[in-house]
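Chains, contacts and geometry: an overview
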Amino acid sequence: MRRLPPLTAVEAFVQVARLGSVKAAAEELALSSPALSRRIQALERFVGRPLFERRHQAMMLNNDGEQLLARVAPALDALAVAIDATTGDSELLRLRLNVPPLFASQRLIGKLPELKARHQSLHIDLDTQPHALARLGEGLDAAIVISRDIDPALYSRKIAQSRVAAIGSPKLLQGNDAIRQPDDLARATILVHRDMPELFNIWRESIGRPDLEPGATDHFDSGQLILDAAAQALGVAFMLDEHVEGSHDPRLVRIFNEVADSSYSYWFASRRTGLSNRAVKIFHDWLFETIA
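Before going into details, it helps to say that this report is about the structure given with it. Being a predicted model, the structure only gives us computed values, none of them experimental. (Residues numbered from 1 in each chain as written. Predicted model: local features only at pLDDT ≥ 70, side-chain atom pairs only at ≥ 80, totals over all residues. Heavy atoms only, no water.)

**Considerations on the overall build of the protein chain**
Broken down by element type, the protein chain carries 10 helices and 13 strands. Counting only C-alpha atoms, the protein chain reaches 70 × 40 × 40 Å along its principal axes. Looking at the protein chain residue by residue over its 292 residues, the buried ones come to 45%. Taking contacts inside the protein chain between residues at least 6 apart in sequence as the whole, the part at least 24 apart equals 77%. Entry remark: accessible area of the protein chain is about 15,000 Å², with carbon and sulfur atoms responsible for 50%. Distance between charge centres in the protein chain, computed from 34 positive and 37 negative side chains, equals 6 Å. (Helix = DSSP H or I, 4+ residues; strand = E, 2+ residues; numbered from the N terminus. Buried < 20%, exposed > 50% of the residue type's maximum accessible area, 1.4 Å probe, protein only. Contact = heavy atoms within 4.5 Å. Areas by Shrake-Rupley, 256 points an atom, 1.4 Å probe, with all protein chains shown as cover. Lys, Arg positive; Asp, Glu negative; His and termini not counted. Charge placed at Lys NZ, Arg CZ, Asp CG, Glu CD.)

**Quick word on the side chain of aspartate 141**
One can find aspartate 141 in the loop between strand E4 (122-127) and strand E5 (142-147). Assessed through its relative accessible area of 13%, aspartate 141 is described here as buried. A polar atom in the side chain of aspartate 141 sits 2.8 Å from the backbone nitrogen of arginine 96. (Polar contact = N/O pair within 3.5 Å; in protein donor to acceptor, adjacent residues only side chain to side chain.)

**Concerning the pairing of strand E2 (residues 58-61)**
Of the two faces of E2, only the one carrying Met59 and Leu61 is buried; Ala58 and Met60 on the other face are not. Both strand E1 (residues 52-55) and E2 contribute to a ladder of four bridges, which runs antiparallel. Note on E2: the bridge partner recorded for arginine 54 is methionine 59. (Pairing = 2+ DSSP bridges.)

**Quick look at the nonpolar core**
Core analysis: the largest hydrophobic core is formed by 25 residues, its most contacted members being Leu108, Ile144, Phe268, Phe283 and Leu287. Put simply, the parts of the chain that give this core at least two residues each are strand E3 (93-98), helix H5 (101-108), helix H6 (112-118), E5, strand E6 (154-160), strand E13 (265-271) and helix H10 (278-290). Here the element with the most residues in this core is H10; it accounts for seven residues. Filtering out sequence-adjacent residues up to four positions away, phenylalanine 283 remains in contact with Leu95, Leu97, Leu108, Leu115, Ile124, Ile144 and Phe268. (Core = buried A, V, L, I, M, F, W, Y, C linked by side-chain atoms within 4.5 Å.)

**Examining the sheet that holds E3**
Strand-to-strand pairing in sheets goes through backbone hydrogen bonds, with the strands running parallel or antiparallel. Taken in spatial order, the five strands line up as E4-E3-E5-E13-E6 in an open sheet, and their pairing is mixed. Of all the strands in the sheet, just E4 and E6 have a single pairing partner and so form its edges. Recorded for the sheet is a direction-independent mean angle of 25° between the axes of neighbouring strands. In the packing of H10 onto the sheet, contacts are made with E3, E4, E5, E6 and E13, and the angle to E3 comes to roughly 60°. (Axes fitted to C-alpha atoms, helices over the stretch in contact; angles between N-to-C directions.)

**Focus on H10**
With 13 residues, H10 should cover 18 Å at 1.5 Å per step; its first-to-last C-alpha distance of 18 Å lies within 8% of that length. Among the residues making up H10, those that are buried are Ala279, Val280, Ile282, Phe283, His284, Asp285, Trp286, Leu287 and Phe288. Measuring from the backbone nitrogen of alanine 279 back to the side-chain oxygen at the start of H10 gives 2.9 Å, which picks out asparagine 277 as the cap. (Expected span 1.5 Å × (residues − 1).)

**Some details on the pattern of salt bridges**
Side-chain pairing between opposite charges can occur once the charged atoms of the two side chains come close. Applying the stated rule across the entire model yields 17 salt bridges. Taking the shortest distance from any N to any O, the salt bridge between arginine 118 and glutamate 289 comes out at 3.0 Å. Highlighted residues: arginine 118 in helix H6 and glutamate 289 in helix H10, separated in sequence by 171 residues. Using a relative accessible area of 37% as the deciding quantity, one classes arginine 118 as partly exposed. Judged by relative accessible area, which is 42%, glutamate 289 ranks as partly exposed. We note a salt bridge from arginine 204 to glutamate 213, for which the minimum N-O separation is 3.2 Å. The class of arginine 204 is buried, set by a relative accessible area of 12%. (Salt bridge = Lys/Arg side-chain N within 4 Å of Asp/Glu carboxyl O.)

**Quick look at the pairing of strand E8 (residues 189-193)**
Within E8, four of the five residues are buried, which leaves the element mostly enclosed by the surrounding structure. Relative to strand E9 (residues 216-220), E8 runs parallel, the two sharing five bridges. Within E9, the residue paired with histidine 193 across the bridge is phenylalanine 220. A crossover connection joins E8 to the parallel E9 through helix H7 (residues 199-206); in handedness this β-α-β unit is right-handed. In the sheet, E8 pairs with strand E10 (residues 236-240) via two bridges, with the strands oriented parallel. Looking across to E10, one finds that leucine 191 is bridged to alanine 237. (Right-handed = clockwise from strand over helix to strand, strands pointing away.)

**Thoughts on the environment of leucine 252**
Relative to the assigned elements, leucine 252 resides in the loop between helix H9 (241-247) and strand E11 (253-254). For leucine 252, a relative accessible area of 10% corresponds to the buried category. Linking leucine 252 and arginine 271, residues 19 residues apart in sequence, is a C-alpha distance of 38 Å.

**Observations concerning the packing of helix H2 (residues 22-29) against helix H3 (residues 33-47)**
Closest axis-to-axis distance for the H2/H3 pair is 9 Å, and the angle between their directions is 100°. Classified by the angle between their axes, H2 and H3 sit roughly perpendicular to one another. Here Val22, Lys23, Ala25, Ala26 and Leu29 of H2 lie close against H3, whose contacting residues are Ser33, Leu36 and Ser37. Taken together, the residues of the contact of H2 with H3 sort by class into five nonpolar, two polar and one charged. (Parallel < 35°, antiparallel > 145°, perpendicular 65-115°, else oblique. Nonpolar A, V, L, I, M, F, W, Y, C, P; charged D, E, K, R; others polar.)

Here it is as structure tokens:
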């Protein structure tokens, strides 16, 4: 059998990667910070390369560390499942997860049978109410949120880098009042989500038209309602590109070719100690293996 690193070193690596701090990981594992650091260093010597970028009071995974985490974390979870099955410790696992409705319908629900097949004892309570980050630890174990950044006091990991796209009905591209270029927005209505009010500003800055003003702006608090309104030619919607691609709605098209990198993205977030909850760990690792 090929020689393997000590399991304690791998466990230390995963905890530091998830918590972003030697101190926090040491507390989780009931170790001193120097002892935990020695375990990380032992693993780095074993693989022959650094796995973290050391920063003041924080450790961030580098590319090699990200790849190793993606490979070993599911294996650790599988090992925990095997141990539980052997010892008879197969109690129900429950995750209380907040998720935006559009992400849930477009990207999550259809994949959950795969997760269920892997972890039959895992059950997920889905919550779509607002203010998810403020409720972590008080009714919620974890959350998937759209945000520009996450409070550094929390554990967070970006699910994907998003782009802003202008979408609408093909009807908007036809007739005497057709919208063919950005200047035509001056006589059009744009549709914007209340939780992402800067999307249009990001887009117009990106195309070099910070002075561009729409004829009117209508605000929505539901991504699905924006998609429906855009499909009915009620305006040009500025949304994240994955929302458009995930809708699979033939009534929607890109109005302009121009897209812009968005400062809003989907994030996974929990309390720093949240990943010590096995249900959270299982979902977190599956999410970044399967969806992110």
